[in-house]
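Residue strings, one per chain:
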Amino acid sequence: MKTRYFLLTLAVLFIMASCNVSQHYKRPNVTAANLYRDSSATDTNSIANLPWRSLFADTVLQNLIQEGINNNLNLRTAILKIAEANATLKASKAAYFPTLSAGGTVTKAKSSQAAQSFPAGLGIDLNTTTYQADLSASWTVNVWGQLSSLKRQAIANFLESDASKRAVQTALVADIANAYYTLLSYDQQLAITRQTVKNNIQDVETNKSLLKANVVTGAAVVQSEANRYAAEITIPDLETNIRQTENALCILLGRGPGPIKRLTMAEQTPVETLNTGLSTQLLKNRPDIQQSEFAFMSAFENTNVAHSYFYPTLTITAEGGLSTLQLKDLFNNSIFYNLVGGLTQPIFNQGQNKARYRIAKAQQLEAFNTYQQSILTAGQEVANDLFSYKQALKKVDLRKKELDALEKSVDYTKQLLTYSSATNYTDVLTSEQSLLAAQLAGVNDKLQQLQAIVNLYTDLGGGWK
């Protein structure tokens, strides 16, 4: 009875003394305000809060994104890591409870030759068999908060794996959308190039007729043929790009290489209102930033665990059961039990404990730097996306004016070539090549606009809702 009171008092004293051993986690002060360069937004509305189906009006693209979310192997792996972290969390919670094991033994003991020399009349049996059945329990008391820190670390790891999964989905949505728009741009460039080849073939026939009428020379005919082949030779490269982009998109969708159903670039209507909110909202919207914070939280709790090794460990062990020399008497007056409380204080391994603590502290600082870096990088990405989008809008507007002028230039030079001697075919050739280059560049302008919207959306933290 005195032993029981002693152990109880000792446990209470240790629990009271543990108040200052483990530190409590608080979100660190990080730089997260005013990260969007040249942006003075005060509105907290952000497109990051939109579900991805609300951002993409193209139903074909919506179906592709959903297919990717369902089947992408990287996303499936991220989900499995959540299950692993959840199992670790459950194991950390179970550490609070004592372990319990059951056993049964049969021990046969035989005396030595010397011991057998006792007179038989004494009734001493030196060959014995002992039967024992027992239950044993061991409990490591959470005196210094080590188990609590391990549990909080497991929670942080679980949340980190969940944030990682959301980050993978966000990247997946962006990759599928960008690949889809790239595919549409190649389609449009291929259609423009094929139409240009048809026009050039017609130019060759026209120049042959003009040659017969002595309006142009044979050089004009040859130049027009070369112009036709210069445009036509780019078609295989465009077809290769289309095939490779389709195959890459199939990988994202978790399927084998094959064709991709799609609409056209002309059918894409970019969203007009792009609210970014405040840069401080990145802390709750960006999964990768949350992932970095949970990694820092895990490192913080690991430092607590390392600190706890400097203090003694209190372990309570209990054992009880049945023991007898005759199996038939196992349940008759054969009960035994014992209760042991022990303290283990590190003495000669202080160097190891100090090294463990210094390593944990350094890893905590590294995790903090990574966390802060992820915030700064996110701000940079959003600022770049905003500028890219604004520049794309300027280019689209200017490109329209350029195309109007070049179309008129081609028309005027062809008329001058046919009806007067004020020009030659070189002028026609130059204007046609400039028009084709501007048309292809116009497709890239539209692609830049669409992809800037996708990147801005996901860099703000959208795509996982």
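Residues numbered from 1 in each chain as written. Predicted model: local features only at pLDDT ≥ 70, side-chain atom pairs only at ≥ 80, totals over all residues. Heavy atoms only, no water.

For the rest of this paragraph, the subject is the packing of aromatic side chains. For any two aromatic rings, the description comes down to two numbers: the centre-to-centre distance and the angle of the planes. Across all of its chains, the model carries 5 aromatic pairs by this definition. When the ring of Tyr-25 is compared with that of Phe-300, the centres are 5.5 Å apart and the planes differ by 75°; the resulting orientation is edge-to-face. Of this pair, Tyr-25 sits in the loop between helix 1 (2-17) and helix 2 (52-55) while Phe-300 sits in helix 9 (residues 287-308), and the two are 275 residues apart along the sequence. Classification of Phe-300 by relative accessible area gives buried; the value is 12%. Grouping aromatic residues by their ring pairs yields a cluster made of Tyr-25, Phe-296, Phe-300 and Phe-368. (Phe/Tyr/Trp six-rings, centres within 6.5 Å; stacked < 30°, edge-to-face > 60°. Helix = DSSP H or I, 4+ residues; strand = E, 2+ residues; numbered from the N terminus. Buried < 20%, exposed > 50% of the residue type's maximum accessible area, 1.4 Å probe, protein only.)

With that out of the way, let us pick up the packing of helix 6 (residues 218-232) against helix 11 (residues 425-459). In a pair of packed helices, the angle between the axes and the distance between the axes together describe the arrangement. Viewed as axis vectors pointing N to C, helix 6 and helix 11 meet at an angle of 10°, and their least axial separation amounts to 10 Å. The pairing of helix 6 with helix 11 is recorded here as roughly parallel in orientation. The residues of helix 11 that touch helix 6, namely those facing Ala-220, Gln-223, Ser-224, Asn-227 and Ala-231, are Tyr-425, Thr-426, Leu-429, Glu-432, Gln-433 and Leu-436. (Axes fitted to C-alpha atoms, helices over the stretch in contact; angles between N-to-C directions. Parallel < 35°, antiparallel > 145°, perpendicular 65-115°, else oblique. Contact = heavy atoms within 4.5 Å.)

Another point: unusual backbone geometry. One non-glycine residue with positive phi stands out, namely Asn-34, at about 55°. By the element assignment, Asn-34 lies in the loop between helix 1 and helix 2. For Asn-34, a relative accessible area of 75% translates into the label exposed.

Helix length check: helix 11 (35 residues) gives 50 Å between terminal C-alpha atoms against 51 Å at 1.5 Å per residue, within 8%. Two residues or fewer past helix 11, Gly-461 is found with a positive phi of approximately 110°. (Expected span 1.5 Å × (residues − 1).)

Core analysis: the biggest nonpolar cluster contains 58 residues, and Phe-56, Leu-61, Ile-65, Ile-176, Tyr-181, Leu-249 and Leu-460 have the highest contact counts within it. Listing elements by their share of this core, those giving two or more residues are helix 2, helix 3 (59-71), helix 5 (146-212), helix 7 (235-252), helix 8 (282-285), helix 10 (350-419) and helix 11. In terms of residue count, helix 5 provides more of this core than any other element does, 14 residues in total. Ignoring sequence-local partners within four residues, the contact set of Phe-56 consists of Leu-61, Gln-62, Ile-65, Val-173, Ala-177, Tyr-181 and Val-454. If you look at the next biggest cluster of nonpolar residues, it comprises 7 residues, including Val-216, Ala-220, Tyr-425 and Leu-429. (Core = buried A, V, L, I, M, F, W, Y, C linked by side-chain atoms within 4.5 Å.)

Attention shifts here to the side chain of Gln-290. Within the secondary structure layout, Gln-290 lies in helix 9. Residue class for Gln-290 comes out buried when judged on its relative accessible area of 11%. Ignoring anything within four residues of it in the chain, the contact list for Gln-290 reads Ala-163, Arg-166, Leu-283, Lys-284 and Asn-285.

We now examine the environment of Thr-217. On the secondary structure map, Thr-217 appears in the loop between helix 5 and helix 6. On the accessibility criterion, Thr-217 (52% relative accessible area) is exposed. Here the alpha-carbon distance between Thr-217 and Asn-207, two residues 10 residues apart in the chain, equals 8.6 Å.

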